[in-house]
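# Commentary on secondary and tertiary structure
Spelled out, the chains give:
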Amino acid sequence: MFQTLFEPGSIGKMTLKNRLIMAPISTNLAGGDGTVSDELIFHYAERAIGGVGLITVENVCLAYPLACHGAAQPRIDDDAFIPGLRRLADAIHQGGAKAAAELTHPGMSAGLRYIRGETPVAPSAVPRPKDGLVPRALSHTEVVEVVGQYVQAARRAYEAGFDAVELQACHGLLINQFLSPLTNKRQDEYGGSRENRARFLVEIVAGIKRHVGSDFPVMVRLVAEDMLEGGLTLEDGRWFARRLEEAGADAIHPDFGLGGKEKRLEPMPYPQAWRVYLAAEIKKAVSIPVIAVGVIREPRVAEEILEAGKADFVALGRALIADPDWPNKARAGEEQAIRRCIGCNECVMARHVEDAPLRCSLNATVGRRPEACRLERAKTPKRVLIIGGGPAGMEAARVAALRGHRVALYERETHLGGMLNVAAVPPGKEKLNWITEYFAHELPRLGVEIHLGEAMDAERVRALNPDVVIVATGSEPAIPDIPGVDGPNVLVAQELLARRMRFTGQRFALVGGGMLGLETAAYLATQGNAVAVLKRYETIGRSIEPLYRDHLLRDLKEHGVEIITRVEVKAIQAEGVLVRDQTGEERVVPADRVVLARGAKPADKLVQELRDFNPLVIGDAVQPRKIINAISEGFVTAQFI
Ligand code: SF4
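Only a predicted model underlies this, so the values are computations on that prediction, with no experimental measurement involved.

### Considering the site of the ligand
Around the ligand lies a shell of 13 residues, among which Cys341, Cys344, Asn345, Cys347 and Cys360 are the nearest. Breaking the shell around the ligand down by element, the ones donating at least two residues are helix 9 (318–322) and helix 11 (346–353). Of the residues assigned to the shell around the ligand, the class counts are 7 nonpolar, 3 polar and 3 charged.

What follows is the structure, encoded as structure tokens:
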């Protein structure tokens, strides 16, 4: 199975047992002082055990504080960090993988909160696109010093037992800033021509080879093209790749450069492997190995990339966050047992928005202390009854069964999934079906008895007399108290989506501008309807992960969806929705149909009826929230019964 994927391969003198590499993904799991923590070691050891050939340890800081690029990032800027890094490399090796350290300097892209009040540095004092802040241009002497910092960082990685380093030279960070004409306006030998702009990177590669050893592999996460006008093109990317090969680099891992954050932390609608063309383009220019990355979620997709000759290795990032055992499962031919990353970007929200430890919607163990992840065999197996087959109930069933309990799951619908079946309907949300497919495969395998199409009531629960009852009955639509709400022209968003209702050429008004309202608007607009979203407040989709929110709002704009903010819905009438704006003026927003999208409330009737069973209540039945809450509560609840 997947023969090409599991062929050994070499990067320089380093031999990998297969063609799978873990891409560097920041976790915020290092100690606040940059030391390697037990959580960080556990995180990577789990992924090494899962069968990947090489792990690239995230975002290692090579110069404090100017190169800081995260709230809790590992440091490598002093020999004092070597012992901790050695523990990390050892743990990765014990897990069966090779280890590389990603050496990172953000340059002008540094978050001000990370660099302790310093001014970010850059090749040139060019205002940075995100906020106009002007960085300080590095002097010639400083450029040479920073080259030395990279070399020293590589030396420490080598001394700590790492098998390779990867130079971060894309995503708009310091090396990318030297390479790109948009950010490099230097007049000295580090600016101007392509050769000069490449000099900083070439000197780093050559310096590592000279001082650490020509056999120590240097991989380059190279900008293949910038996403800003006037920036680097694929032709530049190929030229730099060739130049790096001449300089002694051992592999190229191409990705995007300046701009385009959404295109490298893609939200759910992006298709699998869509940016593999970057690797394919670079591969035309070099004979050293090329690594493909970007939304590669399934073994067959990874295998196809290799077989088509688009790359020599495949990097998995979020795929291994969601399921560290992806490689072992693929190798065993158990593709269906893989918990495929859905691209919900809850992890991105943690790392990039909240400065919090990494977390994952699907994998409740991510970011937790090792002891909090342990699933101990139950001393006395219990008969566990789970009511509700949404994400919370399915995860509780999985974990309880893994612990040796006898689990029966009842779902009143004829299929598993609960609200996932609704949430997967709007455009670009199909990957949500992967969650249900995963559980539908896992639960029977673990011996969970699944009863579909069977509603549960208190009487039936009493008759079954289980030892433990878990209520995961989910949510039901919240219907606002508005005059006209029960009119014949009114639909409820969840029902409209669940029944996959289709319309064309009609005018719709959506009451509610949260994720449900906006996605329902997208669903209707793509069918060829005129849609207006009515929103009480100025802000739109505040709780949605920002990259996806931007994508969604852009999509709505392209489909002509009108978003009317700061209006209060007063009544629903035959001709539309009566609203009052902030000035007190009332008007009717014309619509043939009105859709209620004011969220949901717990479907918790059973909880009261089952009080004598002391039921454990999880997921939306407690309060409607996100997938991560449902799955995490399912996991933790079943962990302790
Ligand atoms: Fe994938 Fe979402 Fe998990 Fe991130 S949080 S790894 S995007 S499933």
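### Examining the packing of helix 13 (residues 391–402) against helix 15 (residues 433–445)
Taken N-terminus to C-terminus, the directions of helix 13 and helix 15 make an angle of 30°; their axes are 10 Å apart at the nearest point. Relative to helix 15, helix 13 is oriented roughly parallel. For helix 13 against helix 15, the interelement crossing comes out left-handed. Each of Met394, Glu395, Ala397 and Arg398 in helix 13 lies in contact with helix 15, whose residues at this interface are Thr436, Tyr438, Phe439 and Leu443. Split by residue class, the contact of helix 13 with helix 15 holds 5 nonpolar, 1 polar and 2 charged.

### Looking at the nonpolar core
Counting 150 residues, the largest nonpolar core has Leu167 and Phe200 as its most contacted members. By residue number, the principal contributor to this core is helix 3 (residues 140–159), which donates 8 residues. Leucine 167 has contacts with Leu103, Tyr150, Ile175, Leu201, Ile204, Val205, Ile208, Val218, Met219, Val220 and Arg221, leaving out every residue within four places of it along the chain. With 25 residues, the next largest nonpolar core counts Ala522, Leu524, Val531 and Tyr548 among its residues.

### Points about the sheet that holds strand 23 (residues 567–573)
Spatial ordering of the open sheet is given by 23-24-25, a layout of 3 strands whose pairing is antiparallel. The sheet is open, and its two borders are formed by strand 23 and strand 25 (586–590), each paired with just one other strand. Across the sheet, the mean angle from the axis of one strand to that of its neighbour is 30°, orientation sign disregarded. With 5 bridges joining them, strand 24 (residues 576–581) and strand 25 adopt antiparallel strand pairing. Bridge pairing in strand 25 links arginine 580 to glutamate 586.

### What about helix 11?
With 6 of 8 residues buried, helix 11 lies mostly within the body of the structure. Restricting attention to buried positions, one finds in helix 11 the residues Glu346, Cys347, Val348, Met349, Ala350 and Arg351. For helix 11, the elements touching its buried residues are strand 4 (54–61), helix 9, helix 19 (546–558) and helix 21 (627–639). In the segment just after helix 11, aspartate 355 is the residue with positive phi, at about 55°.

### Digging into the pattern of salt bridges
For the structure on display, the rule yields 47 salt bridges. Between glutamate 609 and lysine 605 there is a salt bridge whose closest N-O contact spans 3.5 Å. Note that glutamate 609 and lysine 605 are positioned in helix 20 (residues 605–609) at a spacing of 4 residues, about one turn of the helix.

About the cut-offs
- Residues numbered from 1 in each chain as written.
- Predicted model: local features only at pLDDT ≥ 70, side-chain atom pairs only at ≥ 80, totals over all residues.
- Heavy atoms only, no water.
- Near = heavy atom within 4 Å.
- Helix = DSSP H or I, 4+ residues; strand = E, 2+ residues; numbered from the N terminus.
- Nonpolar A, V, L, I, M, F, W, Y, C, P; charged D, E, K, R; others polar.
- Axes fitted to C-alpha atoms, helices over the stretch in contact; angles between N-to-C directions.
- Parallel < 35°, antiparallel > 145°, perpendicular 65-115°, else oblique.
- Left-handed = near helix turned anticlockwise from the far one by under 90°.
- Contact = heavy atoms within 4.5 Å.
- Core = buried A, V, L, I, M, F, W, Y, C linked by side-chain atoms within 4.5 Å.
- Buried < 20%, exposed > 50% of the residue type's maximum accessible area, 1.4 Å probe, protein only.
- Pairing = 2+ DSSP bridges.
- Salt bridge = Lys/Arg side-chain N within 4 Å of Asp/Glu carboxyl O.

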